[in-house]
Amino acid sequence: MDGRAGNLDGLKYMAELVRHFADLRDGTHGGLRSRRDKERLFTAAVALLDPHARQPLDEINMHLLLGSGEVTATGVRRGGAGVDAVWALSWPEQRATGIDPVMIRAFYSAGAHHPHLSGGTVGDWPFNVFDEEQATAELPTLRAIASADIHNLVFQRDYRIIPAISSRRTT
């Protein structure tokens, strides 16, 4: 491949951006206009995303935290600020220092046109998932969010919150 067209993952990423921008253009999300219908799509998308959101957190737990962490998920929560779902990875060293866990958050803010993804310390990505293939294609983004989040947490404290590093065991 000559690099101009990109690989298949790159094309999936572009397809998501096209869906995102087309929704902005058309005033829709997944072809729907009402907030209630869009929240229904969000709830379904969270269920599709769940195993893929857990995967990078499980990878970080296994390789960096040496299995000492715990992955939790809230499911869809409703509040005054909109709806969200959070997947979090906490571990003893992180809790002892009082910093937040590594987080992946799907959210649909009350004033927003459509939902997004973020981490605890990193910004927003489009969240336009309507089927299993699209949910699976989110894995690189979810890995980037989780990796950036744990990187930023290390800078909030230091490398000693990472058991694989503080124990001098590296994989």
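In what follows, the structure referred to is the one given above.
Model, not experiment: these values are computed from the prediction.

**Looking at the environment of T72**
Then step 1. Assignment of secondary structure puts T72 in strand β1 (residues 70-73).
Then step 2. Residue class for T72 comes out partly exposed when judged on its relative accessible area of 36%.
Then step 3. With 78 residues separating them in the primary sequence, T72 and I150 have C-alpha atoms 16 Å apart.
Then step 4. Residues contacting T72, with those up to four places away along its chain left out, are V86, W87 and A88.

**What about helix α5 (residues 139-156)?**
Then step 1. Spanning 18 residues, α5 covers 26 Å between terminal C-alpha atoms, matching the ideal 26 Å at 1.5 Å per step.
Then step 2. L139, T141, L142, I145, A146, D149, I150 and L153 are the residues of α5 that are buried. Looking straight down α5, one finds its buried side chains confined to an arc of 165°; they lie on one side.
Then step 3. The secondary structure elements touched by the buried residues of α5 are α2 (35-63), β4 (102-109), β5 (116-119), β6 (125-126) and α4 (132-137).

**Observations concerning the nonpolar core**
Then step 1. Of all hydrophobic cores here, the largest spans 31 residues; its most connected members are L57, W87, L89, W91, V102 and F127.
Then step 2. Looking at this core, the elements with two or more residues in it are α2, β3 (82-90), β4 and α5.
Then step 3. Considering every element that reaches this core, the biggest residue donor is α2, with 7 residues.

**A short note on unusual backbone geometry**
Then step 1. Even without a glycine there, the phi angle at L66 is positive, about 55°.
Then step 2. Residue placement: L66 occurs in the loop between α2 and β1.

**Considering the packing of aromatic side chains**
Then step 1. Under the definition given, this model contains 1 aromatic pair.
Then step 2. Between the aromatic rings of F42 and F127, the centroid separation amounts to 6.1 Å while the plane-to-plane angle is 90°, which identifies the pairing as edge-to-face. Of this pair, F42 sits in helix α2 while F127 is found in the loop between β6 and α4, placing the two residues 85 residues apart along the sequence. Neither F42 nor F127 differs from the other in exposure class; each is buried.

What counts as what
- Residues numbered from 1 in each chain as written.
- Predicted model: local features only at pLDDT ≥ 70, side-chain atom pairs only at ≥ 80, totals over all residues.
- Heavy atoms only, no water.
- Helix = DSSP H or I, 4+ residues; strand = E, 2+ residues; numbered from the N terminus.
- Buried < 20%, exposed > 50% of the residue type's maximum accessible area, 1.4 Å probe, protein only.
- Contact = heavy atoms within 4.5 Å.
- Expected span 1.5 Å × (residues − 1).
- Arc of directions from axis to C-beta.
- Core = buried A, V, L, I, M, F, W, Y, C linked by side-chain atoms within 4.5 Å.
- Phe/Tyr/Trp six-rings, centres within 6.5 Å; stacked < 30°, edge-to-face > 60°.

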